[in-house]
Protein chains: 2
Amino acid sequence: MSDLSPTDRSTIRRLPDRARSDRADLHAVLDAGIVCHLGIVLDDAPLVLPTGYGRIGDVLYLHGSTGACSLRAAAEGRPVCVTVTHVDGVVHARSVFHFSMNYRSAVVHGVPRLVTDDAERLAGLRAVTENIAPGAWDHARPPSRKELAATSVLALDLTEASVKVRTAPPGDDESDDTAGDGRWAGVLPMRTVVDTPVPCPLLPGDTPVPAHVSEGRTPGGGRPR
Amino acid sequence: MSDLSPTDRSTIRRLPDRARSDRADLHAVLDAGIVCHLGIVLDDAPLVLPTGYGRIGDVLYLHGSTGACSLRAAAEGRPVCVTVTHVDGVVHARSVFHFSMNYRSAVVHGVPRLVTDDAERLAGLRAVTENIAPGAWDHARPPSRKELAATSVLALDLTEASVKVRTAPPGDDESDDTAGDGRWAGVLPMRTVVDTPVPCPLLPGDTPVPAHVSEGRTPGGGRPR
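Residues numbered from 1 in each chain as written. Chains lettered and ligands numbered in written order. Predicted model: local features only at pLDDT ≥ 70, side-chain atom pairs only at ≥ 80, totals over all residues. Heavy atoms only, no water.

1. Points about the relation of the copies chain B and chain A
Part 1 of the argument: Of the transformation superimposing chain B on chain A, the axial component is 0.0 Å and the angular component is 180 degrees, with the fit at an RMSD of 0.0 Å. Given the turn and translation reported, the copies of this chain are related as if by a two-fold rotation axis. Considering only C-alpha atoms, the residue of chain B closest to the rotation axis is B:Thr192, which sits at 2.2 Å.
Part 2 of the argument: Interface overlap between copies: 100% of the residues of chain B at the interface are likewise at the interface in chain A, consistent with a symmetric, same-surface contact. (Least-squares fit on C-alpha atoms with pLDDT ≥ 70 in both. Contact = heavy atoms within 4.5 Å.)

Below, the structure is given as structure tokens:
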């Protein structure tokens, strides 16, 4: 497993002490999320859309309808930027200037390729589904040929990426730290929780909730229920 | 208050039944969030970065260091895309193809302007701070002239925007709904919660946690603690 080897645009210049260079950090941030923000350029302007994703090794998989213009554009060999962010808390400082957030974020740059190999398409779709809902792929009905034909799968190598993490208390100026003016400072932690599953109204009432739903993971890496 | 008047690029073509056209829906999605994903085009490639924001009426304010290349680029009259997403649940379907998420998202397109008027700069910074931490602006030390000089404030009109909301149970094919094969389907709801505030280690132990921190709002519009 190699370190992240930053290129010019994946080198963190703002607050570089927050940068992480381990590939394991990139994987951890990606694996903790279920939604990324996919950026593409359409008509010289940026378009940023939320979408699901999944990871296999050092490849990120995205999927979408073959009718989605964003996916179509991304499949045409254009550069994309995929960003995953977890907000872990609001950092209350003594000074407005030093308000911040604790967060983990990953930014991936690259030109995705449209996956055409049937086995890789299935593996990519499985990765996306399992990232959103671990255990679901083997429980649900597999995609039909018609459904597969309506779905684009894109693969993005995790070659060029940056990771930024802030986990600290507020970073006020020393003169504010020692002012003794009673202003509160600290972190208000935040996390995602999952609530009790809500069965589909069309489901027979005696259908048990499977363990992969009731004991599934919590996005963001939060504590389990 | 006018409806959102979609342009070509802000017209939702994929699953248009999820589109919302009320300006109030746009405001609600924006106001429920604390982090947006800001997309800009740098060297013909997209760059998507998480950042704070605030809203005053139909203007979205962003701020950042004058040294940040993303903010500098956005201040140069280039188009941006600002996207705010709340994931409200994972939709488990009977078929892999119909897995989805319940979510609320807003996508804003436009060319931001660099705010130079001192009063608007302060108002914009206040909006950003208060969106992250309501009540904080009047509690914390206001920005100094030097701090203000190091901060860029951008204003983006909420003229061109789209809003998409999914709140439904799974949308499986009828043949799967009635298959009676015991596959579970439903929604696993998700929300953000805030935990007990963690005081700065440098804070005197008897400093009370102010109400705006302990009783503050929960991002995503989740239920309060």
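2. Things to note about the side chain of B:Lys164
Residue and element names in this part refer to chain B.
Part 1 of the argument: Relative to the assigned elements, Lys 164 resides in strand S10 (residues 160-166).
Part 2 of the argument: Among buried charged residues, Lys 164 stands out as having no salt bridge; its nearest opposite-charge side chain is Asp 17, 7.8 Å away.
Part 3 of the argument: With sequence-adjacent residues up to four places away left out, Lys 164 is seen in contact with Ile 12, Arg 14, Leu 15, Arg 18, Ala 19, Tyr 103, Arg 104 and Ser 105. (Helix = DSSP H or I, 4+ residues; strand = E, 2+ residues; numbered from the N terminus. Buried < 20%, exposed > 50% of the residue type's maximum accessible area, 1.4 Å probe, protein only. Lys, Arg positive; Asp, Glu negative; His and termini not counted. Salt bridge = Lys/Arg side-chain N within 4 Å of Asp/Glu carboxyl O.)

3. Some words on the interface of chain B and chain A
Part 1 of the argument: Contact residues are listed per partner, giving 86 residues for chain B and 86 residues for chain A.
Part 2 of the argument: Between chain B and chain A, roughly 7,000 Å² of surface is buried when both sides are summed, and carbon and sulfur atoms account for 69% of that area.
Part 3 of the argument: Three residues stand out in chain B for area buried against chain A, namely B:Val96, B:Arg141 and B:Trp184, and they jointly supply 11% of the buried area on that side.
Part 4 of the argument: For the interface between chain B and chain A, the tally reads six salt bridges.
Part 5 of the argument: Our enumeration of links across chain B and chain A arrives at 25 residue pairs in polar contact (both at pLDDT 80 or more).
Part 6 of the argument: With nine residues, the single largest contributor to the side of chain B that touches chain A is strand S11 (residues 186-194) of chain B. (Buried area = accessible area lost by both parts, 1.4 Å probe. Polar contact = N/O pair within 3.5 Å; in protein donor to acceptor, adjacent residues only side chain to side chain.)

4. A look at a negative patch on the surface
Part 1 of the argument: On the surface, a cluster of negative charge is made up of A:Asp43, A:Asp44, B:Asp43 and B:Asp44.
Part 2 of the argument: Tracing the backbone through its elements, the reader meets A:Asp43 in the loop between strand S2 (35-42) and strand S3 (45-52).
Part 3 of the argument: Residue A:Asp43 is classed as exposed on the basis of its relative accessible area of 74%. (Patch = residues over 30% accessible without salt bridge, like charges linked within 9 Å, V, L, I, M, F, W, Y side chains within 5 Å. Areas by Shrake-Rupley, 256 points an atom, 1.4 Å probe, with all protein chains shown as cover. Charge placed at Lys NZ, Arg CZ, Asp CG, Glu CD.)

5. Section: the pattern of salt bridges
Part 1 of the argument: Under the criterion given, the structure shown has 30 salt bridges over all chains.
Part 2 of the argument: Across the pair A:Asp88 and A:Arg104 runs a salt bridge whose closest N-O atoms are separated by 2.7 Å. One end of the pair, A:Asp88, is in strand S6 (residues 80-92); the other, A:Arg104, is in strand S7 (residues 100-110), with 16 residues separating them in the sequence.
Part 3 of the argument: Salt bridges linked by common partners bring A:Arg141, A:Glu147, B:Asp173 and B:Asp176 together as one network.

6. As for the sheet that holds strand S9 (residues 151-157) of chain A
Residues and elements named next belong to chain A.
Part 1 of the argument: Pairing within the open sheet is antiparallel, and its four strands lie in the order S4-S5-S9-S8. The open sheet has two edge strands with one neighbour each: strand S4 (54-56) and strand S8 (113-114).
Part 2 of the argument: Note that strand S5 (residues 59-65) and S9 share seven bridges and pair antiparallel. Across the sheet, Gly 64 pairs through a bridge with Ser 152, a residue of S9.
Part 3 of the argument: Its contacts with the sheet place helix H3 (residues 118-132) against S4, S5, S8 and S9, and it is angled at close to 85 degrees to S9. (Pairing = 2+ DSSP bridges. Axes fitted to C-alpha atoms, helices over the stretch in contact; angles between N-to-C directions.)

7. Observations regarding H3(A)
Part 1 of the argument: Relative to the 21 Å expected for 15 residues at 1.5 Å per residue, H3(A) spans 21 Å between its end C-alpha atoms, a close match to the ideal helical length.
Part 2 of the argument: Within H3(A), the full set of buried residues consists of A:Glu120, A:Arg121, A:Gly124, A:Leu125, A:Ala127, A:Val128, A:Thr129, A:Asn131 and A:Ile132. (Expected span 1.5 Å × (residues − 1).)

8. Observations regarding the pairing of S11(B)
Residues and elements named next belong to chain B.
Part 1 of the argument: Counting buried positions along S11 gives seven out of nine residues, so the element sits mostly inside the fold.
Part 2 of the argument: The pairing of strand S6 (residues 80-92) with S11 spans four bridges and is antiparallel. Bridge pairing links Val 91 to Val 187 in S11.

9. Some words on the nonpolar core
Burial of nonpolar side chains together is a common tendency in soluble globular proteins.
Part 1 of the argument: If you look at the biggest cluster of nonpolar residues, it comprises 58 residues, and the most contacted ones within it are A:Leu26, A:Leu30, A:Val82, B:Leu26, B:Leu30 and B:Val82.
Part 2 of the argument: Excluding residues within four positions of it along the chain, B:Leu26 makes contact with B:Leu4, B:Ala106, B:Val108, B:Leu158, B:Ala161 and B:Val163. (Core = buried A, V, L, I, M, F, W, Y, C linked by side-chain atoms within 4.5 Å.)

10. Comments concerning the state of the cysteines
Each disulfide is one covalent bond, formed between the sulfur atoms of two cysteines.
Part 1 of the argument: What the rule picks out here adds up to zero disulfides over all chains.
Part 2 of the argument: A disulfide-free cysteine, B:Cys36 has its sulfur positioned 9.8 Å from the sulfur of B:Cys81, the nearest such atom. (Disulfide = S-S within 2.5 Å.)

11. Digging into the confidence of the model for chain A
The predicted coordinates should not be examined in detail at positions where pLDDT is low.
Part 1 of the argument: Of all residues in chain A, 96% attain a pLDDT of 70 or more, and the chain-wide mean is 92.
Part 2 of the argument: Ranking the helices and strands of chain A by mean pLDDT puts S4(A) first, with 98, and helix H2 (residues 69-74) of chain A last, with 82. (pLDDT = per-residue confidence, 0-100.)

12. As for the sheet that holds strand S5 (residues 59-65) of chain B
Residue and element names in this part refer to chain B.
Part 1 of the argument: Strand order in the open sheet formed by four strands is S4-S5-S9-S8, with antiparallel pairing between adjacent strands. At either end of the open sheet lies a strand with only one pairing partner, and these are strand S4 (54-56) and strand S8 (113-114).
Part 2 of the argument: Most of the contacts of helix H3 (residues 118-132) go to strand S9 (residues 151-157), to which it runs at about 85 degrees, and overall it touches S4, S5, S8 and S9.

13. Things to note about unusual backbone geometry
Residues and elements named next belong to chain B.
Part 1 of the argument: At Asp 43, a position not held by glycine, the phi torsion is positive, near 55 degrees.
Part 2 of the argument: Here the phi dihedral of Asp 44 falls at roughly 65 degrees; this positive angle occurs in a residue that is not glycine.
Part 3 of the argument: Mapped onto the elements, Asp 44 comes out in the loop between strand S2 (35-42) and strand S3 (45-52).

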